[in-house]
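# Chain and residue survey
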Amino acid sequence: MYVANSWSDTVSVIDAASFKVVKQLAAGYEPNAAVADLEGRFLYVANRIGNDISVIDLARGVETKRLLAGRGAAYLTLSADGRRVYCTHIYPLPGPFRTPPESEVTVIDTRRQEVVEREKLHDAAGVFHVVSANGGRVAIAAEMRPKNLIPLAHVEHGWVIGNALSVFGADIGEVVQVPIDELDDTIRLLSAWR
């Protein structure tokens with residue numbers, strides 16, 4: 001098992017049988033998540049403050065490269081076929097004042113160990129977990145979306161942030177965002193999508 005240690009910029013390798021730490025691996029600044037490839041040869045580590053992803057050779061216990069990610073690299077998911085790693089970001093990309101935020105999901109090809117796509121998510125203030133299906137041709141990401149661009153003084157009234165799912169990938173075409181805390185809008189979007 002692999003546990004990201006944000007305070008020490010390391011990843012603990014834990015033996016699943018004994019539940020003991022057997023090794024510490026150096027990572028980037030504030031690692032937040034770690035996922036191994038299907039063969040267990042390389043570990044991908046999302047470094048939140050570094051805005052990047054460490055690729056660690058598990059046999060040697062050393063970082064072999066660092067991939068540029070979006071702001072606040074946060075959560076990692078390995079596709080079922082092991083060919084892709086998806087990295088979400090908790091901070092939106094920088095943009096002009098009082099404009100809708102933009103975020104992304106960074107897609108890594110595990111065979112080439114490089115970023116092959118940056119799926120842009122419009123009007124997303126933070127993206128959390130992501131799952132994929134159909135060989136990476138469909139993916140769904142959980143995100144926060146601003147309801148409007150009013151000052152944050154209205155947070156207590158629920159007027160600022162909503163929750164949504166972004167559905168994207170080759171089988172989808174354009175990104176589809178489905179609000180999940182506004183039932184009427186969700187039903188309307190799903191009906192139109194069919």
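Look a little higher up for the structure.
The text that follows walks through the structure, step by step, so that each part is easy to find. (Residues numbered from 1 in each chain as written. Predicted model: local features only at pLDDT ≥ 70, side-chain atom pairs only at ≥ 80, totals over all residues. Heavy atoms only, no water.)

### A short note on the packing of aromatic side chains
- Enumeration according to the criterion identifies one aromatic pair in this entry.
- Residues Y75 and F128 carry aromatic rings whose centres are separated by 6.1 Å and whose planes lie at 50 degrees to one another, so their mutual orientation is tilted. Of the two residues, Y75 is situated in strand β8 (residues 73-78) and F128 in strand β12 (residues 126-133); the sequence distance between them amounts to 53 residues.
- Residue class for Y75 comes out partly exposed when judged on its relative accessible area of 23%.
- On the basis of relative accessible area, F128 is assigned to the partly exposed category, the value being 24%. (Phe/Tyr/Trp six-rings, centres within 6.5 Å; stacked < 30°, edge-to-face > 60°. Helix = DSSP H or I, 4+ residues; strand = E, 2+ residues; numbered from the N terminus. Buried < 20%, exposed > 50% of the residue type's maximum accessible area, 1.4 Å probe, protein only.)

### Details of the nonpolar core
- Counting residues in each nonpolar core, the largest one holds 14 residues, and the members touching the most others are Y44, I53, L76, V85, C87 and I108.
- Contributing elements (two or more residues each) for this core: β4 (31-36), β5 (42-47), β6 (52-57), β8 and β9 (84-89).
- Ranked by residues supplied to this core, first place goes to β5 with three residues.
- Apart from residues lying up to four places away in sequence, Y44 is in contact with A33, A34, V35, D37, I53, S54, V55, L76, V85, I108, T110 and Q113. (Core = buried A, V, L, I, M, F, W, Y, C linked by side-chain atoms within 4.5 Å. Contact = heavy atoms within 4.5 Å.)

### Re the sheet that holds β5
- Across the sheet, which stays open at both edges, the four strands sit in the order β4-β5-β6-β7 with antiparallel pairing between neighbours. Two strands close off the open sheet at either side, each with one partner strand: β4 and β7 (62-68). Strand-to-strand twist of the sheet, defined as the mean angle between neighbouring strand axes without regard to direction, takes the value 25 degrees.
- Where β4 lies against β5, five bridges are found, and the strand directions are antiparallel. Among the inter-strand pairings, A36 is bridged to a residue of β5, identified as L43. (Pairing = 2+ DSSP bridges. Axes fitted to C-alpha atoms, helices over the stretch in contact; angles between N-to-C directions.)

### Looking at the sheet that holds β12
- Spatially, four strands are ordered β12-β13-β14-β15 in an open sheet, and the strand pairing comes out antiparallel. Only two strands of the sheet have a single partner each, and these edge strands are β12 and β15 (173-179). The average angle at which neighbouring strand axes cross in this sheet is 20 degrees, direction not considered.
- Bridge analysis of β12 against strand β13 (residues 138-146) gives six bridges, and the strand direction is antiparallel. Note on β13: the bridge partner recorded for V127 is E143.

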